[in-house]
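Each chain is listed here by its residues.
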Amino acid sequence: LQPAEETGAGALAILASGLGFAKLYDQAIPYADQSIAVAKANPEIGYPHVAYQAKLIALIGKKDLNSAQRLADEMLAYARERGGNALEATVLAQLGQIAALRGDQNRAIELLKQAMRIASAGGYLTTLEEAQKVLTGIYLDRKEIKKAEGYASQAAESAQARGDFVSLPERLTLLGRLQVL
């Protein structure tokens, strides 16, 4: 197998990811679902983590937190069952985002720190930066400026280390604002 099914599932997942990145969440979900369906019908394709990730991002973006929680829990169970550290770190960071959106900052901090430990050990800089960014926001909301500044600095370092010159200016701007407070 390769041709149509695998290529189609991958293309659909990439399209869903791009739409999610553009914050077109309602449009991303059907493509993610199609990719997942193709992968389920053709198990030799493997676990469609990109499609699941795109769907999770879209659900969080839409603030459909119950559906996002269910999907993230399933993804986390899969990652832990298979020893997928990169996926586990990513899902933990997203569960942290969900907890933060629900107002459970203590749970969010716990999940995000778990994600950071795994991401740091594995060199998963994108996940590390995302967790650091969310922690910055949480500590800023709590008016714990020194902690917010520490995580903002780490997020900027992570963005720079992975060569992400799209998010780096945003990270540095926030860090600069925090340093003058």
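Since we're looking at a predicted model, the values are computed, not measured.

A few words now on the packing of helix 7 (residues 125–141) against helix 9 (residues 168–179). The N-to-C vectors of helix 7 and helix 9 enclose an angle of 30°; their axes lie 12 Å apart at closest approach. As summarised for this structure, helix 7 and helix 9 are arranged roughly parallel, according to the angle between their axes. For the crossing formed where helix 7 meets helix 9, the hand is left-handed. Only Arg-171, Leu-174 and Leu-178 of helix 9 make contact with helix 7, whose side of the interface consists of Glu-129, Lys-133, Thr-136 and Leu-140. In terms of residue class, the contact of helix 7 with helix 9 is built from 3 nonpolar, 1 polar and 3 charged.

Glancing now at the packing of aromatic side chains. Inspection of the entire model under this criterion finds 3 aromatic pairs. For the pair Tyr-47 and Tyr-52, a centre-to-centre distance of 5.1 Å together with 25° between the ring planes defines the contact as stacked. On the basis of relative accessibility, which here comes to 22%, the residue Tyr-47 falls in the partly exposed class. Residue classification places Tyr-52 among the buried residues on the basis of a relative accessible area of 12%. Both rings, one in Tyr-139 and one in Tyr-151, keep their centres 5.7 Å apart while their planes meet at 5°; by these two values the pair is stacked.

What follows deals with unusual backbone geometry. With a phi angle near 65°, Lys-23 is a residue other than glycine that sits in the positive phi range. The topology assignment puts Lys-23 in the loop between helix 1 (3–21) and helix 2 (25–41). Residue Lys-143 is not a glycine yet carries a positive backbone phi of 65°. Note that Lys-143 resides in the loop between helix 7 and helix 8 (145–161).

Turning our attention to the packing of helix 4 (residues 65–82) against helix 5 (residues 85–101). Between helix 4 and helix 5, the shortest axis-to-axis distance is 9 Å and the interhelical angle comes to 155°. In terms of their interaxial angle, helix 4 and helix 5 are classed as roughly antiparallel. By crossing handedness, the relation of helix 4 to helix 5 is classed as left-handed. Note on element contacts: helix 5 touches helix 4 through Leu-87, Glu-88, Val-91, Leu-92, Leu-95, Ile-98 and Leu-101, opposite Leu-65, Ala-68, Gln-69, Ala-72, Asp-73, Met-75, Leu-76, Tyr-78, Ala-79 and Arg-80. Partitioned by chemical class, the residues of the contact of helix 4 with helix 5 number 13 nonpolar, 1 polar and 3 charged.

This model, assessed by the stated rule, comprises 13 salt bridges. A salt bridge links Glu-129 to Arg-171; the shortest N-O distance between them is 2.8 Å. Here Glu-129, found in helix 7, pairs with Arg-171, found in helix 9; they are 42 residues apart in sequence, far enough to count as distant. Take Arg-171: its relative accessible area is 8%, and that puts it in the buried class. We note a salt bridge from Glu-149 to Lys-146, for which the minimum N-O separation is 3.8 Å. Taken together, the residues span about one helical turn, with Glu-149 and Lys-146 both in helix 8 at a distance of 3 residues. Assessed through its relative accessible area of 67%, Lys-146 is described here as exposed.

Conventions adopted
Residues numbered from 1 in each chain as written. Predicted model: local features only at pLDDT ≥ 70, side-chain atom pairs only at ≥ 80, totals over all residues. Heavy atoms only, no water. Axes fitted to C-alpha atoms, helices over the stretch in contact; angles between N-to-C directions. Helix = DSSP H or I, 4+ residues; strand = E, 2+ residues; numbered from the N terminus. Parallel < 35°, antiparallel > 145°, perpendicular 65-115°, else oblique. Left-handed = near helix turned anticlockwise from the far one by under 90°. Contact = heavy atoms within 4.5 Å. Nonpolar A, V, L, I, M, F, W, Y, C, P; charged D, E, K, R; others polar. Phe/Tyr/Trp six-rings, centres within 6.5 Å; stacked < 30°, edge-to-face > 60°. Buried < 20%, exposed > 50% of the residue type's maximum accessible area, 1.4 Å probe, protein only. Salt bridge = Lys/Arg side-chain N within 4 Å of Asp/Glu carboxyl O.

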